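Below are the chains, spelled out letter by letter.
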Amino acid sequence: MAHSICQTPSGQHTTRHNHISGFQQFSGNLQQGLNTALNIIAATMAKRSQRRALMRLSDSQLADIGLSRTDAEAEYRKSYPI
């Protein structure tokens, strides 16, 4: 619980309690959880897109980046674990 000191118009000091409701805490946790889930989904989709692009490269293009067709296929299969 947070406290803050306030001065009233008459000059007296009072302590105000700043309560965060259970709903506000739940709402914040829910939003954080949704953000995390969406970030994971976005990262997974980006990886899958990159793996599909890798499969579209020709054998000579793969060789240029130091990969074989077998390497590319192994990486592609990581998108769809069996």
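Each value, and the rule that gives it
Residues numbered from 1 in each chain as written. Predicted model: local features only at pLDDT ≥ 70, side-chain atom pairs only at ≥ 80, totals over all residues. Heavy atoms only, no water. pLDDT = per-residue confidence, 0-100. Helix = DSSP H or I, 4+ residues; strand = E, 2+ residues; numbered from the N terminus. Patch = residues over 30% accessible without salt bridge, like charges linked within 9 Å, V, L, I, M, F, W, Y side chains within 5 Å. Areas by Shrake-Rupley, 256 points an atom, 1.4 Å probe, with all protein chains shown as cover. Salt bridge = Lys/Arg side-chain N within 4 Å of Asp/Glu carboxyl O. Buried < 20%, exposed > 50% of the residue type's maximum accessible area, 1.4 Å probe, protein only.

### A word on the confidence of the model for the protein
For the protein, the mean per-residue pLDDT works out to 81, and 71% of the residues sit at or above 70. When pLDDT is averaged over each element of the protein, helix 2 (residues 59-64) comes out on top at 97 and strand 1 (residues 2-7) at the bottom at 56.

### A short note on a nonpolar patch on the surface
The grouping of Phe26, Leu30 and Leu34 at the surface amounts to a nonpolar patch, some 300 Å² of accessible area in total. With respect to the helices, strands and loops of the structure, Leu34 is situated in helix 1 (residues 22-56). Residue Leu34 is classed as partly exposed on the basis of its relative accessible area of 47%.

### As for the pattern of salt bridges
Tallied over the full model, the rule gives 3 salt bridges. A salt bridge links Arg69 to Asp59, with the nearest nitrogen and oxygen atoms 2.9 Å apart. A residue pair is termed long-range when its members are at least 10 positions apart, and Arg69 in helix 3 (residues 69-77) and Asp59 in helix 2 qualify at 10 residues. For Arg69, a relative accessible area of 25% puts it in the partly exposed group. Here Glu75 and Lys78 are joined by a salt bridge, their closest N and O atoms 3.1 Å apart. Looking at Glu75, the relative accessible area reads 25%, which means it is partly exposed. On the accessibility criterion, Lys78 (52% relative accessible area) is exposed.

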